[in-house]
Amino acid sequence: MPDPQSPAPRRTALAAVHEGLGATMTDFAGWLMPLRYGSETAEHNAVRRAAGLFDLSHMGELLIAGDGAGAALDYALVGEASAIQPGRARYTMICAPDGGVIDDLIVYRLAGGAYLVVANASNAATVAAELTERADGRGATVTDRTADYALIAIQGPRSAGILAGLTDTDLSQVRYYASYPAKVGGHDALLARTGYTGEDGFELFVRPQDAVSVWQELTDAGHADGLVPAGLAARDSLRLEAGMPLYGNELGRDVTPFDAGLGRVVKLDKPGDFVGRAALAERAKAPAERRLVGLVGKSRRVPRHGYSVLWEGEPCGTVTSGAPSPTLGRPIAMAYVSAGAAAEAGSAAGADDDRLAVDIRGTAEPAEMVPLPFYKRPAGN
Amino acid sequence: MSVPEELYYTAEHEWVAISDATARVGITDYAQRALGDVVYVTAPSPGARVTAGDPCGEVESTKSVSDIYCPADGEVTEVNPEIDEDPGLVNSDPYGAGWLFKIKLDSGDQVPPGLLSAAEYNALTAEQE
């Protein structure tokens, strides 16, 4: 039931299109977004086998410009933004002074030298405020450009083939995590080979007034190839199979990038200070107290966010994300478990070893610890 | 949303079809839409005594898990054998092939107390929309 106290969620440029398609809409981080159009499992499978079309216009876009933009981001983020070549992108994070993750981000260095930082919808305002404060006096300006962009993603093995018919850009030259100013169906777009599904795919930043046309042209171009619109439910199960963290589940203020197994994004060898450096340098040296691991359930009951992980009957960790995996046909989960339990479970792992389990509403359901990701796309896709 | 006239309902979104002192039980179209794709159902076992209002099973969907609340007092006589193989029947045909289990009613041919009519259930879901 809508809470009469909360403001109406913001509508993306594509909201009416989703409603016309009969989508189940949901309030996600203050935005009215499609959860699913029909069966979320069918949408998930379409992305794995053909292609899916996503509206991601709720994501926050922040533009950092000025002569000091690269240096300001080097100070504000854990990555080295100034080392990104124009037209390339990096996955990175913004951390608090204590090393806790404020958000995970993709930073695009644009052709002109400015940077586009893409933040999670739920954190966009916080990230904008932090970047503004951290850029102060460093020759850079931070502008929230979220309202100026619609973001459409096409993901799946047939994405490149479908998109190729709508753009003059030679997609075979667009590498993973590269971006180019392009024309898509005659409309200006920033075309990036990025995604959150574990498949090949593209994200298209377009003007809101062009979004409906671009969506429709992609829909028409992909129809024969099995392209379907896909909602946030499929996006979540796709990213979980691909072992990608979600802020609020695997990432948060009480987690460092090292806890999440993503210490590689922290560039301790970059020149100059950055927010969180001292705490993260300490953390990098210390032995890990907990590890983010993959679990595959041995029963059909599904581990969910917040459930306890058990080792020999004793709690040793907590599930951060869990879902039935359409691709594996079994329940999967990511969980933080104590380093000790992770080591024992890792060496003891075997089909008939039931010492590792998840407390699923009072019953210990055995699980197997597996390396992440759960799903890796076949070579050549 | 479909709410067949001839069925009875619970506030927890189960439907009940009564004939020959037996209730056939499932979850409503409203419930299956709210849950999303159903992947697994735990139903009470044949022979089990069940009590109205008590949780007696679970429906797992992609996004969440929900209890099944028993709509009436009685004894479970049968569980739909198709559901284990094909839980998607709960989505595709919630009032037909997607039924979950049957109860021999303590109330016999009388409608068990506390159930809602289709009109009452419609009013309830309209409030929750």
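These lines cover the structure that appears in this document, whether it is placed above or below. Think of each chain on its own: its residues are numbered from 1, step by step along the sequence as written. Chain A is the first chain written and ligand 1 is the first ligand written, with later ones labelled in order. Owing to the predicted nature of the model, reporting of local features is limited to residues with pLDDT of at least 70; listing and counting of side-chain atom pairs is limited to 80 or more, with chain, interface and lining totals taken over all residues. Side-chain metrics rest on all non-hydrogen atoms present in the structure, leaving aside hydrogens and water.

**With respect to the overall build of chain A**
- Strands are runs of DSSP state E lasting at least 2 residues, helices are runs of H or I lasting at least 4, and numbering of each runs from the N terminus. In terms of regular secondary structure, chain A is built from 9 helices and 20 strands.
- Atoms counted for the radius of gyration: C-alpha only. Globule rule: 2.2 Å times residue count to the power 0.38. For a compact globule of 381 residues, the expected C-alpha radius of gyration is about 21 Å, and chain A comes in at 21 Å, within 12% of that figure.
- The cut-offs for exposure are 20% and 50% of the maximum accessible area for each residue type, with area from a 1.4 Å probe on protein chains only; residues under the lower value are buried, those over the upper are exposed, and the others partly exposed. For chain A, the residues scored as buried account for 55% of the 381 residues in total.
- Considering only residue pairs separated by 6 or more positions, chain A has 66% of its internal contacts joining residues 24 or more positions apart.
- Throughout, the Shrake-Rupley method with a 1.4 Å probe supplies accessible areas, and for residues the shown protein chains are the sole cover considered. Accessible area for chain A stands at about 15,600 Å²; split by element, carbon and sulfur atoms hold 51% of it.
- Distance between charge centroids for chain A: 3 Å, based on 36 positive and 46 negative side chains. Note on definitions: a residue-residue contact is assigned when non-hydrogen atoms from the two residues lie within 4.5 Å. For this count, His and the chain ends are skipped, Lys and Arg are scored as positive, and Asp and Glu as negative. The atom standing in for a charge is NZ when the residue is Lys, CZ when it is Arg, CG when it is Asp and CD when it is Glu.

**Section: unusual backbone geometry**
- Between A:Leu372 and the following residue, A:Pro373, the backbone shows a cis peptide bond with an omega angle of 0°.
- If you trace the backbone, A:Pro373 turns up in the segment after strand S20 (363–370).
- Notably, B:His13 is not glycine yet its phi reads approximately 80°, a positive angle.
- Within the secondary structure, B:His13 is located in the loop between strand S1 (8–9) and strand S2 (14–19).

**Observations regarding the pattern of salt bridges**
- Whenever Lys or Arg places a side-chain nitrogen within 4 Å of a carboxyl oxygen from Asp or Glu, that contact is recorded as a salt bridge. Under the defined criterion, the tally for this structure stands at 28 salt bridges over all chains.
- The salt bridge partner of A:Arg361 is B:Glu58, with a shortest N-O separation of 2.8 Å. A residue pair is termed interchain when its members come from two chains, as with A:Arg361 in the loop between strand S19 (356–360) and S20 and B:Glu58 in strand S6 (residues 55–61).
- With a relative accessible area of 10%, B:Glu58 lands in the buried category.

**A closer look at the packing of aromatic side chains**
Residues and elements named next belong to chain A.
- Aromatic contacts are taken between Phe, Tyr and Trp rings whose centres are within 6.5 Å, Trp giving its six-membered ring; a plane angle under 30 degrees counts as stacked, one over 60 as edge-to-face, and the others as tilted. For the coordinates displayed, the defined rule picks out 5 aromatic pairs over all chains.
- Centroid distance Tyr-149 to Phe-205: 5.9 Å. Interplanar angle 80°. Geometry classified as edge-to-face. Of this pair, Tyr-149 sits in the loop between strand S9 (141–144) and strand S10 (150–155) while Phe-205 sits in strand S13 (residues 201–206), and the two are 56 residues apart along the sequence.
- Under the relative-accessibility criterion, Tyr-149 is labelled buried at 18%.

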